[in-house]
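Residue strings, one per chain:
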Amino acid sequence: MSRLELYSPEGLRVDGRRWNELRRFDCRINTHPQSADGSSYVEQGNTKVICMVSGPKEPSNKSQQNSSGAVIEFNVSIASFSTTNRKKRSKNEKRTIELNTTLERTFEQSIIRKLYPRTTISVNLHVLAQDGGLLAALTNASTLALIDAGISMYDYISGISAGLHDISPLLDLNTLEESGMSFLTIGVVGNSEKLSLLLLEDKIPLDNLEDLLAIAIAGSHRIRDLMDQEVRRHANLRASKLVK
Amino acid sequence: MDILKITQPEALSQDVESDIEMSDNENEVTGNSLVTPGELVTDDPVWMKGHGTYFLDNKTYSSVAGSVSRVNRLLSVIPLRGRYQPETGDHVVGRITEVGPKRWKVDIGGKQDAVLMLGSVNLPGGVLRRKSESDELQMRNFLKEGDLLNAEVQSIFSNGSASLHTRSLKYGKLRNGIFLKVPSNLIIKSKNHSFDLPGNISIILGVNGYIWLYKTPSSGRKNNINASSNKAQASFDAKGGYNPGQGSVSITRLEEESSWEIYSDKNDPNITGSVRKNIASYYNIIKALSHGELGITEQRIIMGYEASLAYGNSGSLIEKEAMESICEDVLNSEKMRGDAS
């Protein structure tokens, strides 16, 4: 298909990883304490995302009020310098709207909405650089920022992408790999095997799907642990400061 | 299936693991332990489920990242951060966002706006009566959108929003100062939340993290009666000894004090340059304390002010180094005091 060899016979991928290896995952919580209720920064390989949560707050628009639970708004903005080719993106691009809706649907399940009637929770995501796994990074950043904002959630949602090259599943794809094979993105609820998000935009043979999901879920659990570590690190730091 | 990573951050995981195991093994919750969303807090059904937890299959899980608190049989998780949660009796600073039928909506930094009913404010002139239709029509003359006020939380509605009142002269519209916002968890609840600071400045430390710094009223609260040339008040004072408690006001004085002036929009015309400068330094000191995530108390602000005198220009306090050194100074002088006493 493509000229580049995405997966060599020796079992190495374009960036030298094995099939089941994640890219470097780095996350920070509470990065903007003054300007948002909750904030986070996530790097998944070369994909970099900032997230800021404001709320629960009084809705700006009366008609949005919902007396049974919070209204959750996502707003993804992709910087024009985020890809190798600079490209002006309009706010209402179909792709961005789809991302917003997907994330809204995912987190509506995870946030305990009934605790926050008549309020809005707005999640603003800024993509600084993209190199594959965008939706996964957005999911992880949102989870962390929502935790930082002290919003009640049933569990972590950790996202990861995985693709199928020939018959071998590959974990956490970068842009090159994404363009060369069909892949899916999942969001896993905590340490369970429940999915709250599954996005597959092209075709994958049914026989291989289970393998692919298995590796993706295992990868998600690893991401969850890394996020949990960061939350605990920050929590300990904060707890040590508050004690007088 | 083993998942490897290219680069691994310094592992804290051992620490974390032991934490979980401990609470699992003992089958009960440990005092100040940290939990994160989705973590099992206890599988003992005797505990009552409080805030920050949820209940599934006879097990209680945490829904926020924070510390576990146990009060008798009530188990709750207190989040590390989060919006202000109003409680009855809190002294708060707020901003009017909306004028509605017989009520104002007030932003107090909580999840929802609080309401201030027309019936829970003082009328100009201090007349005590039912509010009539004409009062309703001139609500905007009392308080309009964007006005700042301080008030007390009167009660909490079942959906968690608060109802305020300003039925005391220490509450009401704010003037002659500057507004400042800090995270509400930095404000430590105490008996009194309004203080006079050195340098002719007063402060209202709203429990909700909204702060008002202003020029100390020209005749301090206690001297108010003496300073006033009002004859009626003079005779009132001549009765001798009877001194209404700080802040609270007897009904007779309420009448004279609460003229239309309490709802005036005009600032005091003579706020001197030095007062303005002091306000600016206090503003920056509080910003510095909140930068260092130190709890904000009257004493700490004063200590910070003393430390800030070393800097000639109050504008230089916003530098990161200055903020950090102020926080250090405050902590140091606190230690010294602790040793002395």
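About the cut-offs
- Residues numbered from 1 in each chain as written.
- Chains lettered and ligands numbered in written order.
- Predicted model: local features only at pLDDT ≥ 70, side-chain atom pairs only at ≥ 80, totals over all residues.
- Heavy atoms only, no water.
- Patch = residues over 30% accessible without salt bridge, like charges linked within 9 Å, V, L, I, M, F, W, Y side chains within 5 Å.
- Areas by Shrake-Rupley, 256 points an atom, 1.4 Å probe, with all protein chains shown as cover.
- Salt bridge = Lys/Arg side-chain N within 4 Å of Asp/Glu carboxyl O.
- Helix = DSSP H or I, 4+ residues; strand = E, 2+ residues; numbered from the N terminus.
- Buried < 20%, exposed > 50% of the residue type's maximum accessible area, 1.4 Å probe, protein only.
- Phe/Tyr/Trp six-rings, centres within 6.5 Å; stacked < 30°, edge-to-face > 60°.
- Lys NZ or Arg CZ within 6 Å of the ring centre and 35° of its normal.
- Contact = heavy atoms within 4.5 Å.
- Buried area = accessible area lost by both parts, 1.4 Å probe.
- Polar contact = N/O pair within 3.5 Å; in protein donor to acceptor, adjacent residues only side chain to side chain.
- Axes fitted to C-alpha atoms, helices over the stretch in contact; angles between N-to-C directions.
- Parallel < 35°, antiparallel > 145°, perpendicular 65-115°, else oblique.
- Left-handed = near helix turned anticlockwise from the far one by under 90°.
- Nonpolar A, V, L, I, M, F, W, Y, C, P; charged D, E, K, R; others polar.
- Pairing = 2+ DSSP bridges.
- Domains from an automatic or database assignment.

**Q** Looking at this structure, how should I read a nonpolar patch on the surface?
**A** Residues and elements named next belong to chain A. A surface patch of nonpolar side chains, amounting to about 230 Å² of accessible area, comprises Leu4, Val14 and Leu176. Position of Val14 relative to the elements: it lies in the segment before strand 1 (21-22). The exposure class of Val14 is partly exposed, given its relative accessible area of 31%.

**Q** How should the packing of aromatic side chains be read in this particular structure?
**A** To describe a pair of aromatic rings, you give the distance between the ring centres and the angle between the ring planes. One pass over the full model with this rule turns up 6 aromatic pairs over all chains. Look at A:Tyr154 and B:Tyr54: their rings are 4.8 Å apart centre to centre, the planes differ by 85 degrees, and that puts the pair in the edge-to-face class. In this pair, A:Tyr154 sits in the loop between helix 2 (134-148) and strand 7 (157-165) while B:Tyr54 sits in strand 5 (residues 53-56), so the two residues belong to two different chains. A residue is classified by how much of its surface remains accessible, and A:Tyr154, at 30% relative accessible area, is partly exposed. According to the relative accessible area criterion, B:Tyr54 is buried, its value standing at 10%. In this arrangement the basic side chain of B:Lys49 is found over the ring face of B:Phe55, its NZ or CZ atom lying 3.8 Å from the centre. For the cation-ring pair, B:Arg95 lies above B:Phe179, with the distance from its terminal atom to the ring centre recorded as 5.3 Å.

**Q** Explain the environment of A:Leu173 here, please?
**A** All names here are of chain A. Looking at the element boundaries, Leu173 is found in the loop between strand 8 (168-171) and helix 3 (175-180). Leu173 sits in the buried class, given a relative accessible area of 0%. Separated by 29 residues in the primary sequence, Leu173 and Leu144 place their C-alpha atoms 22 Å from one another. Excluding anything up to four places from it in sequence, Leu173 contacts Arg13, Arg17, Arg23, Asp131, Gly132, Gly133, Ser161, Ala162, Gly163, Glu178, Met181 and Phe183.

**Q** In this structure, what is going on with unusual backbone geometry? I would like to understand it.
**A** What is expected of a backbone is that most residues other than glycine have negative phi and most peptide bonds are trans. A cis geometry characterises the amide bond from A:Gly55 onward to A:Pro56, with omega recorded as 0 degrees. Within the element layout of this structure, A:Pro56 appears in strand 4 (residues 47-57). The phi torsion at B:Asn200 lies on the positive side, around 65 degrees, for a residue other than glycine. Within the secondary structure, B:Asn200 is located in the loop between strand 16 (194-197) and strand 17 (201-205).

**Q** Explanation requested: the interface of chain A and chain B in the structure shown.
**A** When the parts of a complex come together, some accessible area is lost, and that lost area is often used as the size of the interface. In this assembly, 51 residues from chain A lie in contact with 44 residues from chain B. Taken together, the two surfaces of chain A and chain B that pack against each other cover about 4,000 Å², and 54% of this comes from carbon and sulfur. The tally of links between chain A and chain B comes to 4 salt bridges. With a closest N to O distance of 3.3 Å, A:Asp148 and B:Arg81 form a salt bridge. One can count 14 residue pairs in polar contact (both at pLDDT 80 or more) joining chain A with chain B.

**Q** When you look at the packing of helix 7 (residues 273-291) of chain B against helix 8 (residues 298-308) of chain B in this model, what are you seeing that I'm missing?
**A** Helix-helix packing is characterised by the crossing angle of the two axes and by the distance between the axes. All names here are of chain B. Viewed as axis vectors pointing N to C, helix 7 and helix 8 meet at an angle of 115 degrees, and their least axial separation amounts to 9 Å. Overall, the two elements helix 7 and helix 8 adopt an arrangement that is roughly perpendicular. In this structure, helix 7 meets helix 8 at a crossing whose hand is right-handed. Between helix 7, through Asn278, Tyr282, Ile285, Ile286 and Leu289, and helix 8, the contact on the second element is made entirely by Arg300, Ile301, Gly304, Tyr305 and Ser308. Its residues assigned to classes, the contact of helix 7 with helix 8 shows 6 nonpolar, 3 polar and 1 charged.

**Q** Looking at this model, I keep getting lost on the sheet that holds strand 7 of chain A. Mind explaining?
**A** Backbone hydrogen bonds hold the strands of a sheet together, and the pairing may be parallel or antiparallel. Residue and element names in this part refer to chain A. Within the open sheet, the 4 strands sit side by side as 8-7-9-10. Their pairing is antiparallel. Each edge of the open sheet carries a strand with a single partner, namely strand 8 and strand 10 (195-200). Each adjacent strand pair in this sheet contributes to an overall mean axis angle of 25 degrees, direction not counted. Across the sheet, helix 1 (residues 94-110) touches strand 7 and strand 10, and the angle it forms with strand 10 is around 160 degrees. Helix-sheet contacts for helix 2 involve strand 7, strand 9 (182-189) and strand 10, and the interaxial angle to strand 7 is about 165 degrees.

**Q** Teacher, can you tell me more about the packing of helix 1 of chain A against helix 2 of chain A here?
**A** Residues and elements named next belong to chain A. Running from N to C, helix 1 and helix 2 point in directions that differ by 45 degrees, and their axes come no closer than 11 Å. In terms of orientation, helix 1 and helix 2 fall into the oblique class. Crossing angle aside, the handedness with which helix 1 passes helix 2 is right-handed. Here Leu99, Thr102, Leu103 and Phe107 of helix 1 come into contact with helix 2, specifically with Leu134, Leu135, Leu138, Thr139, Ser142, Thr143 and Leu146. Of the residues that constitute the contact of helix 1 with helix 2, the class distribution is 7 nonpolar, 4 polar and no charged.

**Q** How should the domain arrangement of chain B be read in this particular structure?
**A** Residue and element names in this part refer to chain B. When its domains are assigned, chain B resolves into domain 1 (34-79), domain 2 (82-174) and domain 3 (176-218 + 270-340). Contacts between the two partners involve 16 residues from domain 2, matched on the other side by 12 residues from domain 3. Around 1,200 Å² of area is buried between domain 2 and domain 3 when both sides are counted, 62% of it from carbon and sulfur atoms. For the domain 2 face of the interface with domain 3, the top three residues by lost area are His91, Val93 and Leu174, together amounting to 46%. Between domain 2 and domain 3 we count 2 salt bridges in total. In this structure, Lys189 engages Glu87 in a salt bridge whose closest nitrogen and oxygen atoms are separated by 3.1 Å.

**Q** Hey, could you run me through the pattern of salt bridges in this one?
**A** Taken as a whole and assessed by the stated rule, the structure comprises 26 salt bridges over all chains. Residue A:Arg23 is joined to A:Asp172 by a salt bridge in which the shortest nitrogen-to-oxygen separation is 3.1 Å. On the criterion of sequence distance, the pair formed by A:Arg23 in the loop between strand 1 and strand 2 (25-29) and A:Asp172 in the loop between strand 8 and helix 3 is long-range, its members being 149 residues apart. Neither A:Arg23 nor A:Asp172 differs from the other in exposure class; each is buried. Linked through salt bridges whose partners overlap, the residues forming this network are A:Arg224, A:Asp225, A:Asp228, A:Arg232 and B:Glu39.

**Q** It is not clear to me how the side chain of A:Thr119 should be interpreted in this structure. Could you clarify?
**A** Checked against the element boundaries, A:Thr119 lands in the loop between helix 1 and strand 6 (120-129). A polar atom in the side chain of A:Thr119 sits 2.7 Å from the backbone oxygen of A:Tyr116. Contacts of A:Thr119, omitting those with residues within four sequence positions, involve A:Pro56, A:Lys57, A:Pro59, A:Ala70, A:Val71, B:Lys111 and B:Gln112.

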